Amino acid sequence: MAHEWLDRWREGRIGFHRPETHPALVRHWPLLGVRPGTKVLVPLCGKSLDMRWLARHDHPVLGIELAQEAIEQFVAEGAGDVSRYQQGPFSICRQGSVELWCGDFFHFHIDQAAEIGAFYDRAALIALPPATRQRYAFHLAQLILPGCRGLLVSLTRASGDEAAGPPYHVSAEEVRELFTPNFQVTHLEDGAPEAGSGFRESVWALVRRGPLT
Ligand SMILES: C[S@@+](CC[C@H](N)C(=O)[O-])C[C@H]1O[C@@H](n2cnc3c(N)ncnc32)[C@H](O)[C@@H]1O
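In this text, all values refer to a predicted model and were calculated from it rather than measured experimentally.

Criteria and cut-off values
Residues numbered from 1 in each chain as written. Predicted model: local features only at pLDDT ≥ 70, side-chain atom pairs only at ≥ 80, totals over all residues. Heavy atoms only, no water. Helix = DSSP H or I, 4+ residues; strand = E, 2+ residues; numbered from the N terminus. Expected span 1.5 Å × (residues − 1). Contact = heavy atoms within 4.5 Å. Core = buried A, V, L, I, M, F, W, Y, C linked by side-chain atoms within 4.5 Å. Buried < 20%, exposed > 50% of the residue type's maximum accessible area, 1.4 Å probe, protein only. UniProt positions renumbered as here; feature names shortened; annotations may be inferred. Polar contact = N/O pair within 3.5 Å; in protein donor to acceptor, adjacent residues only side chain to side chain.

Account for helix H5 (residues 130-143), naming residues and giving values.
The first and last C-alpha atoms of H5 sit 21 Å apart over 14 residues, in line with the 20 Å expected at 1.5 Å per residue. If you follow the buried residues of H5, they end up packed against strand S1 (39-43), strand S6 (116-122), helix H6 (172-179), strand S8 (183-190) and strand S9 (199-208).

As structure tokens, then:
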């Protein structure tokens, strides 16, 4: 799976990347009540411009991404000095208040996540095959403390092969099943179906409950 993502980035097959900030972030983040200054974890971050929006809104960002190519593009398309350092298996690139950790999200550890107080998932859960999604939900819960909150932008598809992907169809029932053990889960909205693909986005607010189950 990892090599498929690296191939995509090398070959520029990144149709998931949006050239502007996601409207769901702009619409819903301010209502989550995450305090300014809170560091936001962005798993499977790509080179999302949403990270710049969060940084502009006083949130230090910690993005995690497999593809070095994505990280290089992010900093090249941004402004400001870049510093680089190593933390265990992760190569880190920092520009302004955005730090991008290159490596596997599942290798990111609780002791590296000390300052994280919120998270933002757009197209991370839906990038993962069914068997990995459970692991993702649990790993995310392990990384953040009770009370931490985040926004999830997922995808559903009315028809078609539900097992095909990425992007994968993740039903509302599955979102609830995956996250309810460790999060308070609130459905915020469903987007309009995308022409052609039949996918529609669904937006969720998640608040980490404790203790971990
Ligand atoms: C569908 S893209 C979404 C990127 C970004 N969230 C956005 O909204 O543009 C999924 C990204 O996750 C990365 N990725 C896939 N598996 C990963 C893993 N296990 N750890 C870190 N990054 C991963 C891929 O390289 C890809 O850039």
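That shown, we press on.
Help me get a handle on the nonpolar core, residues and values and all.
Formed by 35 residues in total, the largest nonpolar core has its most connected members in Leu41, Phe108, Tyr136, Phe179 and Phe183. For this core, the elements supplying multiple residues, two or more each, are strand S2 (61-65), strand S4 (90-95), S6, H5, strand S7 (149-157), H6, S8 and S9. It is H5 that provides the largest number of residues to this core, a total of 5 residues. Among residues more than four places away in sequence, those in contact with Phe183 are Phe119, Ala137, Leu140, Ala141, Ile144, Leu206, Val207, Arg208 and Arg209. Ala24, Trp53, Leu100 and Tyr120 belong to the second-largest nonpolar core, a separate cluster that totals 25 residues.

Which residues make up the UniProt feature "binding site: S-adenosyl-L-methionine" (unreviewed entry) in the chain, and what values go with them?
Cross-referencing UniProt, the feature "binding site: S-adenosyl-L-methionine" (unreviewed entry) maps to Trp9, Leu44, Glu65 and Arg122 in the present numbering. Mapped onto the secondary structure, Glu65 falls in strand S2. In terms of polar contacts, Glu65 uses its side chain to reach the backbone amide nitrogen of Ala67, at 2.8 Å.

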